[in-house]
Amino acid sequence: MTVRVGVIGAGWIGNEHIQRLTRTVTGARVTAVTDIAPARAAQAAEPVGARVLPDGAAVVAADDVDAVLVTSWGPTHAEHVLTAIAAGKPVFCEKPLATTAEDCLRIVEAEQAHGRRLVQVGFMRRYDAGYRQLKEVIDSGRIGAPLIVHCAHRNPTVPASYTSAMAALDTAVHEVDVLRWLLDDEIVSAQVVLPRSTSKRSEHLKDPQIMLFETAKGVRVDLEVFVNCRYGYDIQCEAVGEEGLVRLPDPAAVGVRTAGRHSTAVLTDWVGRFRDAFDTEFREWIADLAAGGEPTGPSAWDGYAATVITAATVEALESGTVVATDLKPRPAFYGGTA
């Protein structure tokens, strides 16, 4: 079965996924594209033989669209996802699922009313080979019960438009999701501690930030978010358990010995670091749909949890206090802990 995909949003990430579905993933074909800028939609659609449609509702309603990919501006996500659920069509939504907890809950309630899972949220780290190895070790019990997790999320630089709140909403959101998944545990509180700021930041930006999370089982997490580190794009994660620890491997790179030095390259952007994870994410999504099943990746509930937890983290940054996440009870419809 070929899964015919309609794409809402043809910006940079939308076009990347269009190319991925066309050139890398088997069993998928992009048949319709829309964007707020029609010329941009046409530019993305023409090379893959897709139609350009006037808006998201038209994409969802199209007879030649079996599943929907939402890569538009974040505040429009809830509208498009709800339209897809109402039409009974599977929908992959890049993060955020929605920009408010209220809209996320509307999606959760609509999906439950439909009676089966339709929504998958684009948290690609769950598909990274290193993170999957990390989870395998934690789940096996080889390091005993997790006690502490140390994380770092470093970018070489960010534009002046990047705000202090975006450190949680756009950057740490990936750690928030992957930590919930790795630990099969829920984050119950957030705190932000501000060290000395780097002189390389924009004047308005608080950078770096140290985010402290506590889980329902008492695991403590520290996350360094440093978005002007200059030296590269660097993702670190180490889980310390009762009987050992497990560390996320760095991406494979050759070691070079020359002029009295031994060096390895450091990646400079998230595209290179997680390209394979994106590919695996879409291969598995398409395979789930082609087999007639439900999406098995991050759910609408995961999207809701990430939105609530990152909002609490922003509140913690602004207030200087420890903020409870106050997540709603997880419906049995979504199973598991996290």
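Residues numbered from 1 in each chain as written. Predicted model: local features only at pLDDT ≥ 70, side-chain atom pairs only at ≥ 80, totals over all residues. Heavy atoms only, no water.

Here we take up the environment of Val254. For Val254, the position within the fold is in the loop between β12 (245–247) and β13 (255–258). Considered as a pair, Val254 and Val137 are 117 residues apart in the sequence and their alpha carbons are 26 Å apart. (Helix = DSSP H or I, 4+ residues; strand = E, 2+ residues; numbered from the N terminus.)

Bringing the environment of Thr321 into the picture now. On the secondary structure map, Thr321 appears in the loop between α9 (300–319) and β15 (323–324). Non-local contacts of Thr321, meaning those with residues more than four positions away in its chain, are made with Ala190, Gln191 and Ala316. Side chain to side chain, Thr321 and Ser319 meet in a polar contact 2.7 Å long. (Contact = heavy atoms within 4.5 Å. Polar contact = N/O pair within 3.5 Å; in protein donor to acceptor, adjacent residues only side chain to side chain.)

It is worth spelling out the pairing of β13 at this point. Bridge count for β13 against strand β14 (residues 261–264) is four bridges, and the pairing is antiparallel. By the bridge assignment for β14, Arg257 is matched with His262. Hairpin connection, β13 to β14: the antiparallel pair is bridged by two residues, and Ala259 has positive phi, about 50°. (Pairing = 2+ DSSP bridges.)

In terms of residue burial, strand β11 (residues 234–241) counts as a mostly covered element, since six of its eight residues are buried. In this sheet, β11 lies alongside strand β7 (residues 146–154) in antiparallel orientation, the contact comprising eight bridges. Paired with His150 across the two strands is Glu238, which belongs to β11. The loop that links β11 with its antiparallel partner β12 comprises three residues. (Buried < 20%, exposed > 50% of the residue type's maximum accessible area, 1.4 Å probe, protein only.)

Next up on the list: the sheet that holds strand β4 (residues 67–70). Pairing is parallel across the open sheet formed by six strands, whose spatial order is β3-β2-β1-β4-β5-β6. A strand with exactly one partner marks an edge of an open sheet, and here the two such strands are β3 (51–52) and β6 (119–121). Here strand β5 (residues 91–93) pairs with β6 via three bridges, running parallel. Note that in β6 the partner of Cys93 across the bridge is Val121.

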